[in-house]
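# Overview (structure and organization)
Here is how the chains run, residue by residue.
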Amino acid sequence: MAREPARRGPASAHFRKQIEAAEADGVKRDDMLLRLTLSDVSHLKRDRDLAVTDISFKDGVMRYLGVRVEQGGVTDSALDLTSKA
């Protein structure tokens, strides 16, 4: 399996592009899952360039751009397109 190149720039911009590309390929945001490192979660929460509507918290679940976020438990953040969120 090919390893994804190292990410450059903020997590918010990187995952926005991935989410939008997956959606353009026909994947529904409800079928996506962002598995983020605790560091990336922290950066998203503190990113002053994000619109208030880009991140939501409801019933103990964080979402970024409507995609459910799983916090921690991974060494590299990734967008999972096969998981039912």
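Please read these numbers as outputs of a predicted model, since none were measured by experiment.

## Some words on helix 1 (residues 11-24)
- In this model helix 1 runs 20 Å from its N-terminal to its C-terminal C-alpha over 14 residues, within 8% of the 20 Å that 1.5 Å per residue would give.
- Along helix 1, the residues that are buried comprise Ala11, Ser12, His14, Phe15, Ile19 and Ala22. One side of helix 1 carries all its buried residues, which in axial view fall inside an arc of 165°. When the buried face of helix 1 is taken as reference, the exposed residues oriented beyond 90 degrees from it are Lys17 and Ala24.

## Thoughts on the side chain of aspartate 47
- Locating aspartate 47 in the fold gives a position in the loop between helix 2 (38-46) and strand 2 (55-58).
- No salt bridge is formed by the buried aspartate 47; the nearest opposite charge belongs to arginine 16, separated by 7.9 Å.
- Contacts of aspartate 47, omitting those with residues within four sequence positions, involve Pro10 and Ser12.

## Concerning helix 2
- Burial in helix 2 covers these residues: Asp40, Val41 and Leu44. Each buried residue of helix 2 lies within a common arc of 105° when the element is viewed along its axis, so the set occupies one face. In helix 2, those exposed residues whose orientation departs by more than 90 degrees from the buried face are Leu38, His43 and Arg46.
- Buried residues in helix 2 make contact with helix 1, strand 1 (33-36), strand 2, strand 3 (61-64) and strand 4 (67-71).

## Observations regarding the sheet that holds strand 4
- The strand order across the open sheet formed by five strands is 2-3-4-1-5, and the pairing between neighbours is mixed. Looking at the sheet topology across the chains shown, the edges are occupied by strand 2 and strand 5 (78-80). Each neighbouring strand pair of the sheet contributes to a mean axis angle of 35°, computed without reference to strand direction.
- One ladder, built from four bridges, connects strand 2 with strand 3; its direction is antiparallel. Across the sheet, lysine 58 pairs through a bridge with valine 61, a residue of strand 3.

## Let's talk about the pattern of salt bridges
- Inspection of every chain in the model, using the stated rule, returns four salt bridges.
- For arginine 29, the salt bridge goes to glutamate 23, with nearest N and O atoms at 2.9 Å.
- Judged by its relative accessible area of 23%, arginine 29 falls in the partly exposed class.
- Given a relative accessible area of 37%, glutamate 23 falls into the partly exposed group.
- A salt bridge links glutamate 70 to arginine 35, with the nearest nitrogen and oxygen atoms 2.9 Å apart. Pair noted here: glutamate 70 is in strand 4 and arginine 35 is in strand 1, with a separation of 35 residues, a long-range link.
- Because the salt bridges share partners, they merge into one network encompassing Arg35, Glu70 and Asp80.

About the cut-offs
Residues numbered from 1 in each chain as written. Predicted model: local features only at pLDDT ≥ 70, side-chain atom pairs only at ≥ 80, totals over all residues. Heavy atoms only, no water. Helix = DSSP H or I, 4+ residues; strand = E, 2+ residues; numbered from the N terminus. Expected span 1.5 Å × (residues − 1). Buried < 20%, exposed > 50% of the residue type's maximum accessible area, 1.4 Å probe, protein only. Arc of directions from axis to C-beta. Lys, Arg positive; Asp, Glu negative; His and termini not counted. Salt bridge = Lys/Arg side-chain N within 4 Å of Asp/Glu carboxyl O. Contact = heavy atoms within 4.5 Å. Pairing = 2+ DSSP bridges. Axes fitted to C-alpha atoms, helices over the stretch in contact; angles between N-to-C directions.

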